[in-house]
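Summary of the model geometry
For reference, the chains in residue letters:
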Amino acid sequence: MPPSFRSTKSHTLQIPSQKEEEKYWFLQENEDYNPPQWQQPNGTAFSSVARNSDKDLDNNDAWKERVEKWKARQERRGLVSKNEGGGNDQGEEVDYEMAEARKPLWRKVEIPSSKISPYRMVIVLRLITLAFFFRYRIFTPATDAYSLWLISVICEVWFAFSWILDQLPKWDPINRETYLDQLSLRFEREGKPNRLASVDFFVSSIDPLKEPPIITANTVLSILSVDYPVEKVSCYVSDDGASMLLFDTLSETAEFARRWVPFCKKYNIEPRAPEFYFSQKIDYLKDKVQTTFVKERRAMKREYEEFKVRINALVAKGQKKPEEGWVMQDGTPWPGNNTQDHPGMIQEYLGSEGALDMEGKELPRLVYVSREKQPGYQYHKKAGAMNALVRVSAVLTNAPFILNLDCDNYINNSKVVREAMCFLMDPQHGKRFCYVQFPQRFDGIDQHDRYANKNIVFFDINMRGLDGIQGPLYVGTGCVFNRTALYGYNPPPPVSEKRPKMSCDCWPSWCGSCCCGSGKSESKTKKGERGVFGGFYGKKKNMKKNFSKKGSPAFDLEEIEEGLEGFEELEKSSLMSQKNFEKRFGESPVFIASTLMEAGGLPQGTNKTTLIKEAIYVINCGYEEKTEWGKEIGWIYGSVTEDILTGFKMHCKGWKSVYCMPNRAAFRGSAPINLSDRLHQVLRRALGSVEIFLSRHCPLWYGYGEKLKWLERLAYTNTIVYPFTSIPLLAYCTIPAVCLLTGKFIIPTLTKFASIWLMALFLSISATGVLEVRWSGVSIHDWWRNEQFWVIGGVSAHLFAVFQGFLKVLAGVDTNFTVTSKAAEDSESGELYLFKWTTLLIPPTTLIIMNMVGVVAGVSDAINNGYGSWGSLFGKLLFAFWVIVHLYPFLKGLMGRQNRTPTIVVLWSILLASIFSLVWVRIDPFLPKQTGPILKPCGVEC
């Protein structure tokens, strides 16, 4: 087993004890799925009794008895205080508090019918128009350019298919409202223990030189100062590059957090990432005119500037690695000098005794994690690092919910965790939600959003449509997970499902005293039937076997059995056997025990002094071998876009997800705003989609017979087939140039009837876009930028992704992607004009040159041939202009600030366009060939 690693700055590990009240509440919530069938004892209920007949009044004693039983049940749930005596006023106040506490935490807000009904009507009309349009196109071929016509029809059919995949899942979009005051009233009642659930934050980082440490530090600071109970927040930072630079950065960040966190909470500032708070161009004195605030803000800004100087010094030092390797402050070599061969490292900075802020208050836990690496093992990139964090956090804190962020996504809304808890802690539906996804918002984008970096059409239209079906996709960051769903369990049955039938009239089915049905259930569990949580059922006595294995350093399950005493007998009887546990989760008894604790927390019997050793053990490079990690548990392996696979597997099991769009953006991040980085980002995601398409998890054939809704399946199908649209799109963008150069066209002479359907198609396309913008609130500008980049990305990044995906899956040629560089400074459009050479730039540039040459050639030919040739030229020019207008942002990106295209791009594009033209003239494939003798009129009248 790899040794544990501790620095000279190490603090004593402190594990907060599990609160009995919190555990008791979660057990009670299991019963809350079946609320009382009678009304609450408020004034309305009693007045309705008073209006009943005298016969009903005779049963008033029975009614009071029912009310008393209801109150007793509410006392156990913590919604009613026991001391209700003291007059009618006090009773009415208690009744009011009970009624307030039982109000919903969230609700659905349907899109007004005046906006959504016309949108649906146009979709139906567009489908009908497409049918008649294709009837005309297929049965009216262009005989003089048959090959061009055939290619164009195939492309148009594919475009219609991809439009249906994209459009139908947006049929029923919804919004959601949350009520944070109701959340506090229910779980943070004055004078009682705070019952909000704990949350583990995950921050992932790979290369601190490409992902600037100051950005990561701001993300961590925004987490540590989040508006949530301190003892319920833990932040885990994954360093998959084993960088001493990030290690030292977190040490400095922990020190600065002692002053930053109390400042944020004292004055309730937003956002709580200092870099972005101090860069706001607002009058910070507008609502905070206290003298103390002005002084403290200026002092804090000076301290942050000093903090940045220290971080920049670390970055400058880390630019060049010494020949003997990095050395820590105590003189020992840095264990991660070899990034591909190093032991697992865990360092806790905050959350221990003595780690208090400047006001003497406790700070959230901050933990550095770098998993072990050795040659010959598969590490599965980000997905593997996230799974390592799942195990480490389960051993050290085991919060029931997990919020994951990229290192460049800071918390912009300090109440974001409370927003998520309104859904995940909902008594009736919360246990069926696998995650709450928030939209991504970005800083530092140029004013015109030239390359559609905001991606606002996807986040504000597509995701809201999916929220009305089974839930939004998981997009890799800004998501709060239910830990139970990550363990591969099935969701509990819906609230509406009936309870199991009794085996007889007098005994419930779980009682062993009845001879009816008990033997049958036992026989099923012996055979290993899968239960509600997706695990194999076993007997309780199996849990008391020794889990100790070779290499497992710390615990036997006997030592932590005491922590499982909070579970009911029914839950204990359904635990998996030792063999199935190890096959599923690995050979750590501490981690296995943590998976059985629905309310989170640590078992009481654990030895806290050796928990860090167990955490080191669960991140060794061989821990996942012969387990279901990455297959059924945690982040799913098999694609560089592990987020799509992970959410897809959860939805197949029947889980539902939620899309939450608070008024203030929950998270903000950095986007690659220059053309090259943007295309590489799109290439990575498209490559992951192709990998999923060629895997067993393809939505076209995976998960049938499970609980995935068909519209949700269409949405997932769209996420994995959209890169293949690049092939017909490339052909379709080439056709206008071909038509202009040859004088042929894909559409023969239009009749009046055909013109009507063609015009109806264009009108329906325009109406769909306008109405979509109307109900979603997206601006026309953002919608148009999205349409432009669909063409730009389609003929470049998506095209390369298709070929690379086939090479990787079918030929075994792995194409490693590079981490997208993040801007270290929030300079407005600072990298917009930065040019980086990449082969992705060649196809779009070639298309632009070809279409421009075609336009010149077509106009020149029309001038030479006279007035009659302009009519047929109009359709071809319109087609070519469509391509050029969509590629215009790409053309501006090539020109840069100096409006000068790099020479290498021009040479490659002209070369390809010339070769294409020469081959075209030589082959001339689209002109009709004369097979017989050439007949010419002789001029003699016979």
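A quick note: this is a predicted structure, and the numbers were derived from the prediction, not measured.

Description of the confidence of the model for the protein chain
With 71% of its residues at a pLDDT of 70 or more, the protein chain has an overall mean of 77. Element-level mean pLDDT values for the protein chain span from 33 in helix α2 (residues 43–50) up to 95 in strand β9 (residues 433–437). The low-confidence segment residues 1–58, where pLDDT is below 50, has 119 contacts with residues more than four positions distant or belonging to other chains. Contacts for the low-pLDDT stretch residues 922–927, under 50 throughout, to residues beyond four places or in other chains number 10 contacts.

Quick look at the pattern of salt bridges
For the structure on display, the rule yields 28 salt bridges. In this structure, the salt-bridge partner of Arg483 is Asp200, at a minimum N-O distance of 2.8 Å. Within this pair, whereas Arg483 is found in helix α16 (residues 483–486), its partner Asp200 is found in strand β3 (residues 199–205), the two being separated by 283 residues in sequence. Classification of Arg483 by relative accessible area gives buried; the value is 3%. When its relative accessible area of 1% is taken as the criterion, Asp200 is described as buried. Residues Arg258 and Glu255 are paired through a salt bridge, measuring 3.5 Å at the closest nitrogen-oxygen approach. Placement of both Arg258 and Glu255 in helix α10 (residues 244–267) is noted, with a separation of 3 residues, approximately one turn of the helix. Members of the salt-bridge network, linked through shared partners, are Glu188, Asp227, Lys415 and Arg418.

Re unusual backbone geometry
Across the junction of Glu270 and Pro271, the peptide omega takes the value -10°, indicating a cis bond. Residue placement: Pro271 occurs in the loop between α10 and α11 (274–278). Notably, Ala242 is not glycine yet its phi reads approximately 50°, a positive angle. Here Ala242 is to be found in the loop between β4 (233–239) and α10. The class for Ala242 is buried, based on a relative accessible area of 2%. Of note, the phi angle at Asp449 is positive, near 50°, even though the residue is not glycine.

Some remarks on a nonpolar patch on the surface
A surface patch of nonpolar side chains, amounting to about 530 Å² of accessible area, comprises Met121, Val124, Leu125, Ile128, Phe132 and Trp171. Inspection of the secondary structure assignment puts Ile128 in helix α6 (residues 113–139). Exposure remark for Ile128: the relative accessible area of 41% places this residue in the partly exposed category.

Observations concerning the environment of Gly444
Looking at the secondary structure, you find Gly444 in the loop between β10 (441–443) and α15 (456–467). Judged by relative accessible area, Gly444 falls into the partly exposed class, the value being 27%. As a C-alpha pair, Gly444 and Pro672 span 228 residues in sequence and 9.0 Å in three-dimensional space.

Side note on the nonpolar core
Ranked by internal contacts, the top residues of the largest apolar core, which has 79 residues, are Phe201, Trp260 and Met421. Per element, the largest residue contribution to this core is 13 residues, and it comes from α10. For Met421, the contacting residues outside a window of four places in its chain are Leu105, Leu183, Ala197, Val199, Tyr228, Phe401, Asp426 and Val480. Counting 67 residues, the second-largest nonpolar core is a separate cluster that includes Tyr236, Val367, Ile402 and Leu711.

Topic: the sheet that holds strand β13 (residues 667–670)
The strand order β8-β13-β10 describes an open sheet built from 3 strands, whose pairing is mixed. The sheet terminates laterally at β8 (410–411) and β10, the two strands that pair on one side only. Pairing of β8 with β13, which is carried by 2 bridges, proceeds in the antiparallel orientation. If you follow Ile411 over to β13, its bridge partner there is Phe667.

Structural notes on the sheet that holds strand β12 (residues 656–659)
Strand order in this open sheet of 8 strands is β5-β6-β4-β3-β7-β11-β9-β12, and the pairing throughout is mixed. Looking at strand neighbours, the two that pair on one side only are β5 (345–350) and β12, the edges of this open sheet. Across the sheet, the mean angle from the axis of one strand to that of its neighbour is 20°, orientation sign disregarded. Sitting on the sheet, α10 is in contact with β3, β4, β5 and β6 (365–370), with an inclination near 15° to β5.

Structural notes on helix α26 (residues 726–742)
Taking 1.5 Å of rise per residue, 17 residues should cover 24 Å, and α26 covers 24 Å from first to last C-alpha, within 8% of that figure. At Ile735, α26 shows its largest kink, close to 25°, and the proline Pro736 lies no more than four residues downstream. Most of α26 is tucked away, with 13 of its 17 residues classed as buried. After α26 finishes, the residue Gly743 shows a positive phi value of roughly 80°.

Conventions used here
Residues numbered from 1 in each chain as written. Predicted model: local features only at pLDDT ≥ 70, side-chain atom pairs only at ≥ 80, totals over all residues. Heavy atoms only, no water. pLDDT = per-residue confidence, 0-100. Helix = DSSP H or I, 4+ residues; strand = E, 2+ residues; numbered from the N terminus. Contact = heavy atoms within 4.5 Å. Salt bridge = Lys/Arg side-chain N within 4 Å of Asp/Glu carboxyl O. Buried < 20%, exposed > 50% of the residue type's maximum accessible area, 1.4 Å probe, protein only. Patch = residues over 30% accessible without salt bridge, like charges linked within 9 Å, V, L, I, M, F, W, Y side chains within 5 Å. Areas by Shrake-Rupley, 256 points an atom, 1.4 Å probe, with all protein chains shown as cover. Core = buried A, V, L, I, M, F, W, Y, C linked by side-chain atoms within 4.5 Å. Pairing = 2+ DSSP bridges. Axes fitted to C-alpha atoms, helices over the stretch in contact; angles between N-to-C directions. Expected span 1.5 Å × (residues − 1). Bend = angle between axes of the 7 residues up to and from the residue.

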